[in-house]
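Single-letter residue listing:
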Amino acid sequence: MYVGRFAPSPSGPLHFGSLVAAAASWLEARAARGRWLLRIEDLDAPRAQPGAADDILRTLERFGFTWDGPVLYQSLRGVRYEAALQKLQGSTYWCGCTRREIADSALGLAADGAQIYPRTCRNGLPAGKAPRTLRLDVGRHTVSFMDRVQGPRQQDLAREVGDFILYRADGQVAYQLAVVVDDAEQGVTDVVRGADLLDSTGRQLHLQRLLGYPRPRYLHVPVAVNANGEKLSKQTGARALEASRRDHLVARALAFLGQRATADLDEAVAQWDAALIPRTPIRPVDVV
């Protein structure tokens, strides 16, 4: 059975960019007569806004995006993430480098803007350094996959990403590990999300292999950007979704995804065709 999911972070209210991702994943699941799960990715406590998670749930309900089963909250799953970290022992090492030290010796920038770690602590912590983060030794692996919209992708992890963090200096499990564990344990077969996360897929596939998890299919939809080329977000002034504008916004989201514009979700499911989604990582959209 097809199992999809929508996994927003409670850093603020949903906006048009969130609606595009939610609509794509929901329509894919419903068109396949599968299940659509809802996960709140609230591991990053400093970024979480009080009441945002409940607001997300209410907004999805008002827009007609019903989910199956209980909502999963990452903040309650620490035991499962710790078990995965234990399973990865032998492929991880402690790093004592500060951000400034990494910036001074980084091997370059990854596609997502992160600095590529120079493996300073790969053979043990230098004298006088305390462990700060736990990193995964990526070795010499090139990961390939076929994205259903963006096409064939390939990533040389060592050259393009570097040994990435699994456990952060603030005591939180990193996103890359948490999402892999959650997708596997929820039985997710298809990941439909924004193309801003396309660069994360190689790391997640590598972790899936190490942990013995099945590989889901991936479909990355274009990210909505403003006139300045900035991803729609609270920081770039994206307007929160309003129930009073539901029909207009749903129709706009479907048009953005290359589908016929309609506010009727039953009609949208019947006509859904992922092959019509524009094959580009970003698409400009007027302020809505």
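Shown above is the structure to which this text applies.
Let me sum up the structure you'll find in this document. Residue indices begin from 1 for each chain and proceed along its sequence in written order. The model is predicted, so local features are restricted to residues of pLDDT at least 70 and side-chain atom pairs to those at 80 or more, both for listing and for counting; the totals for chains, interfaces and linings are taken over all residues. Hydrogens are left out, water is left out, and the side-chain values use all remaining heavy atoms of the structure.

1. Considering the overall build of the protein
Okay, so step 1: Only DSSP runs of H or I reaching four residues or more are called helices, and only runs of E reaching two or more are called strands; each is numbered from the N terminus. What the protein contains, in helices and strands, is nine helices and 12 strands.
Okay, so step 2: Both definitions apply: the radius of gyration is a C-alpha atom measure, and the globule rule equals 2.2 Å times residues to the power 0.38. For 288 residues, the compact-globule estimate of 2.2 N^0.38 gives 19 Å, and the C-alpha radius of gyration of the protein, at 19 Å, lies within 12% of that figure.
Okay, so step 3: For the C-alpha atoms alone, the extent of the protein along its principal axes is close to 65 × 40 × 35 Å.
Okay, so step 4: Within the protein, the proportion of its 288 residues that are buried is 49%.
Okay, so step 5: Considering only contacts within the protein whose residues lie at least 6 apart along the sequence, 75% involve residues at least 24 apart.
Okay, so step 6: The convention is simple: Lys and Arg are positive, Asp and Glu are negative, and His and the chain ends are not counted. Positions of charges follow a simple convention, taking NZ of Lys, CZ of Arg, CG of Asp or CD of Glu. For the protein, the distance from the average position of its 37 positive side-chain charges to the average position of its 32 negative side-chain charges is 3 Å. Each residue is placed in one exposure class: buried if its accessible area under a 1.4 Å probe, protein chains only, is under 20% of its type's maximum, exposed if it is over 50%, and partly exposed if it falls in between. Contacts are assigned to residue pairs that have any heavy atoms within 4.5 Å of one another.

2. Topic: the pattern of salt bridges
Okay, so step 1: Note on definitions: salt bridges are taken to be side-chain nitrogens of Lys or Arg within 4 Å of carboxyl oxygens of Asp or Glu. According to the stated counting rule, one finds 25 salt bridges in the structure shown.
Okay, so step 2: With a shortest N-O distance of 2.7 Å, Asp190 and Arg217 are connected by a salt bridge. Here Asp190, found in strand β9 (residues 190-194), pairs with Arg217, found in strand β10 (residues 217-221); they are 27 residues apart in sequence, far enough to count as distant.
Okay, so step 3: Judged by its relative accessible area of 5%, Asp190 falls in the buried class.
Okay, so step 4: Of the residues examined, Arg217 reaches a relative accessible area of 44% and is grouped as partly exposed.

3. Describing the sheet that holds strand β1 (residues 3-6)
Okay, so step 1: With respect to topology, three strands assemble into an open sheet ordered β1-β2-β3, the strand pairing being parallel. Looking at the sheet topology across the chains shown, the edges are occupied by β1 and β3 (72-73).
Okay, so step 2: Strand direction decides the pairing type here: β1 and strand β2 (residues 35-40), joined by four bridges, are parallel. Its bridge partner lying in β2, Arg5 is registered against Leu37.
Okay, so step 3: Axis definition: a line fit to C-alpha positions, over the contact stretch in the case of helices; interaxial angles, taken between N-to-C directions, run 0 to 180 degrees. Of the strands in this sheet, β1 and β2 touch helix α1 (residues 16-31), which is tilted by about 145 degrees from β2.
Okay, so step 4: Against the sheet, helix α6 (residues 175-185) touches β1, β2 and β3, its axis set at about 150 degrees to β2. Paired strands, as defined in this entry, are two strands with at least two bridges between them according to DSSP.

4. Let's talk about the pairing of β2
Okay, so step 1: When you tally the buried positions in β2, you get five out of six residues, the bulk of the element.
Okay, so step 2: A clockwise path from the first strand over the helix to the second, with the strands pointing away from the viewer, defines a right-handed crossover. Taking the sense of rotation as the criterion, the β-α-β connection linking β1, α1 and β2 turns out right-handed.
Okay, so step 3: Pairing of β2 with β3, which is carried by two bridges, proceeds in the parallel orientation. When the sheet's bridge partners are listed, Arg39 is paired in β3 with Leu72.

5. Quick notes on unusual backbone geometry
Okay, so step 1: Although it is not a glycine, Arg33 sits at a positive phi angle of roughly 55 degrees.
Okay, so step 2: Positive phi, normally seen in glycine, also occurs at Arg119, with a value near 65 degrees.
Okay, so step 3: Within the element layout of this structure, Arg119 appears in the loop between α4 (99-105) and β5 (133-136).

6. As for the sheet that holds β5
Okay, so step 1: Strand order in the open sheet formed by three strands is β4-β5-β8, and the pairing between neighbours is antiparallel. Where the open sheet ends on each side, the last strands, each with one partner, are β4 (92-95) and β8 (165-167). Mean inter-strand twist for the sheet, computed between neighbouring axes without regard to direction, equals 40 degrees.
Okay, so step 2: In this sheet, β5 lies alongside β4 in antiparallel orientation, the contact comprising four bridges. Residue Cys95 lies in a different strand from β5, and its bridge partner there is Thr133.

Keep in mind these values describe shape, not function.
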